[in-house]
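What the coordinates show
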Amino acid sequence: MPDLFKNMLGGSESLFKDVLVLDVDYIPPIIEGREDEQQWIASCIKPLFNSRPGKNAFVTGVPGIGKTLATKYLLQELERENSEIYPIYVNCWKNDTAHKIVLEVCSQLGYTFTHNRTTNELMKEIVKIINKKSAVIVLDEVDKIEDENIVYHILEDVYMKALILISNDSDFLTELDSRIKSRLNADVINFEKYNFDETYNIMKKRVEHAFVANVFEKDAFEVAAEKAYSLGDVRAGLFLLKEAGEIAESRASRKITLGDANKAVEKLKEFKIRSSLSFNETDQKILDIIKANSGKSATDLFEIFQKEGGDKTYRTFWRKIESLKKSRAITVQEVYKGPGRTTLVHYGSLKKITDYGRED
């Protein structure tokens, strides 16, 4: 009878040794496959060590290939190495307005007198604090910022800094206001997709640190690694590792099997929705308007947005449309009517709509 239970986990046992290693925000002790890119970013920061202004950088590439991870690792190292340089990291998806960004920077600088202060007032305090030393300022997902002027103020008013902008959108720089672009003068650092061996090794290291030894069967791991490589997104691979482990634990198994990995792959859509279609409040409001008015022109949608309390300019509204299009939540179609051209915005895909050609 005991043989029936020998391959089952006990009540207090777990397949996981350290589940946090599988978190997308976890920074491993070594960043695999990004040595050249990290060296380039580090070279932009290095002048600050000699009391000279650093260089600015634009870090780009598709999601899930280590842009944020590599940059955060450098900030972590910077904090250990030099107390005279402030390491500041702001996620602009979470902090998408100038006021939210300055509040986040104030928090990281330890400045607490923020209540009832305007954005400009707080920016002046930030400038005073940083200009006594220097700073590396990272604006991640910078394309989500609603007002680019905050970038201009950082460039203009903060003297001793290296500004690192991160975006999945490789066209972000070309769309910037010319006065910002000229002051930025950024090195463009493009992160290429990991090859299969790099993807495999990154995930293998995570398994070694996250799970008890020898619980992940080889064919199960290979399914997760191959799926992550085919998607070009290591974060999806981490999701699969964690999900497969939890599926195995739910049946009290001491091994993570091929069946567990295949079930995890079936659940991958949940990860994709959370990671790719998570919008901030303004994005979601615009998406809801498009959903209710699919097929209307961008101009008509902007008028509806304004009537429903939207306080953005048309330029900002259009940038949101572009962002939603890139995430594939909507489709934009150019239609010729009479002498002019109209931009129609549709919710979801247009695959079933065969022709929006010139109307006679």
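Just above sits the structure.
A few points on the structure. Every chain's residues receive numbers from 1 upward, in the order its sequence appears when written. Given that the model is predicted, a residue must reach a pLDDT of at least 70 before its local features are reported, and side-chain atom pairs must reach 80 or more before they are shown or counted; all residues, however, enter totals for whole chains, interfaces and linings. Heavy atoms throughout the structure, all of them, feed into the side-chain values; hydrogens and water do not.

Quick notes on the overall build of the chain
Helix and strand counts for the chain stand at 15 helices and 7 strands. Looking at the chain as a whole, 47% of its 360 residues are labelled buried. Any two residues whose heavy atoms approach within 4.5 Å at even a single point are treated as in contact. When contacts within the chain are restricted to residue pairs at least 6 apart in sequence, those whose partners lie at least 24 apart make up 70%. Throughout, the Shrake-Rupley method with a 1.4 Å probe supplies accessible areas, and for residues the shown protein chains are the sole cover considered. Accessible area of the chain: about 19300 Å², with a carbon and sulfur share of 49%. Under the scheme used here, helices are H or I runs from DSSP no shorter than 4 residues and strands are E runs no shorter than 2 residues, and both carry numbers assigned from the N terminus. Classification of residues uses two cut-offs on accessible area relative to the type maximum, computed with a 1.4 Å probe and protein chains only: under 20% is buried, over 50% is exposed, and between them is partly exposed.

Quick word on the packing of aromatic side chains
Aromatic rings from Phe, Tyr and Trp, with only the six-membered ring used for Trp, were paired whenever their centres fell within 6.5 Å, and each pair was classed as stacked if the ring planes differed by under 30 degrees, edge-to-face if by over 60, and tilted otherwise. Under the counting rule described, the total for this entry stands at 13 aromatic pairs. Aromatic pair Phe-302 and Tyr-314: ring centres 5.1 Å apart, planes at 85°, arrangement edge-to-face. Of this pair, Phe-302 sits in helix H14 (residues 298-307) while Tyr-314 sits in helix H15 (residues 314-326), and the two are 12 residues apart along the sequence. In this structure Tyr-314 comes out as partly exposed when scored by relative accessible area, which is 34%. Look at Tyr-314 and Phe-317: their rings are 6.2 Å apart centre to centre, the planes differ by 35°, and that puts the pair in the tilted class. Within this pair, Tyr-314 and its partner Phe-317 are both found in helix H15, separated by 3 residues, close to a single helical turn. By the ring-pair criterion, three or more aromatic residues cluster together here, those being Phe-16, Phe-196, Tyr-200, Phe-211, Phe-216, Phe-221 and Tyr-229.

Quick notes on the side chain of Asn-56
With respect to the secondary-structure elements, Asn-56 resides in the loop between helix H1 (35-45) and strand S1 (57-60). For Asn-56, a relative accessible area of 9% gives the class buried. Of the polar contacts made by the side chain of Asn-56, one reaches the backbone oxygen of Leu-184; its length is 2.9 Å. Residues contacting Asn-56, with those up to four places away along its chain left out, are Cys-44, Leu-155, Ala-162, Leu-163, Arg-183, Leu-184, Asn-185, Ala-186 and Asp-187. Two N or O atoms count as a polar contact when they lie within 3.5 Å, although within protein this holds only if one can serve as hydrogen donor and the other as acceptor, and sequence-adjacent residues are included solely when both atoms are side-chain atoms.

What about the side chain of Ser-253?
Looking at where Ser-253 falls in the secondary structure, it is placed in the loop between helix H10 (234-250) and helix H11 (258-266). Within the structure, Ser-253 has its side chain in polar contact with the backbone oxygen of Lys-255 (distance 2.7 Å).

Here's the deal with H14
Note on helix geometry: an α-helix contains 3.6 residues per turn, so any two residues three or four positions apart are oriented the same way. Of the positions making up H14, those classed as buried are Ala-298, Leu-301, Phe-302, Ile-304 and Phe-305. Considered in projection along H14, the buried side chains sweep an arc of 160° and stay on one side of the axis. On its buried face, H14 is in contact with helix H13 (281-292), H15 and strand S7 (340-347). In the segment just after H14, Gly-309 is the residue with positive phi, at about 95°. In this context, the arc is that of the directions from the helix axis out to the C-beta atoms.

Brief notes about the packing of helix H9 (residues 218-231) against H10
Working note: a packed helix pair is described by the angle between its axes plus the distance between those axes. An axis is simply a line fitted to the C-alpha atoms; with a helix, the fit covers only the stretch in contact. Between two such axes, the angle follows the N-to-C directions and lies from 0 to 180 degrees. One can describe the packing of H9 onto H10 by two numbers: an axis separation of 8 Å at closest approach and a directional angle of 155°. One element, H9, and the other, H10, form an angle in the roughly antiparallel class. For the pair H9 and H10, the sense of crossing is right-handed. Of the residues in H10, those in contact with Phe-221, Ala-224, Lys-227, Ala-228 and Leu-231 of H9 are Ala-236, Gly-237, Leu-240 and Leu-241. The residue makeup of the contact of H9 with H10, split by class, is 7 nonpolar, 1 polar and 1 charged. Throughout this description, any angle smaller than 35 degrees is read as roughly parallel, any larger than 145 degrees as roughly antiparallel, any in the 65 to 115 degree range as roughly perpendicular, and the remainder as oblique. With the far helix as reference, a near helix turned anticlockwise by less than a right angle produces a left-handed crossing, and one turned clockwise produces a right-handed crossing. The classification used treats Ala, Val, Leu, Ile, Met, Phe, Trp, Tyr, Cys and Pro as nonpolar, Asp, Glu, Lys and Arg as charged, and all other residues, Gly among them, as polar.

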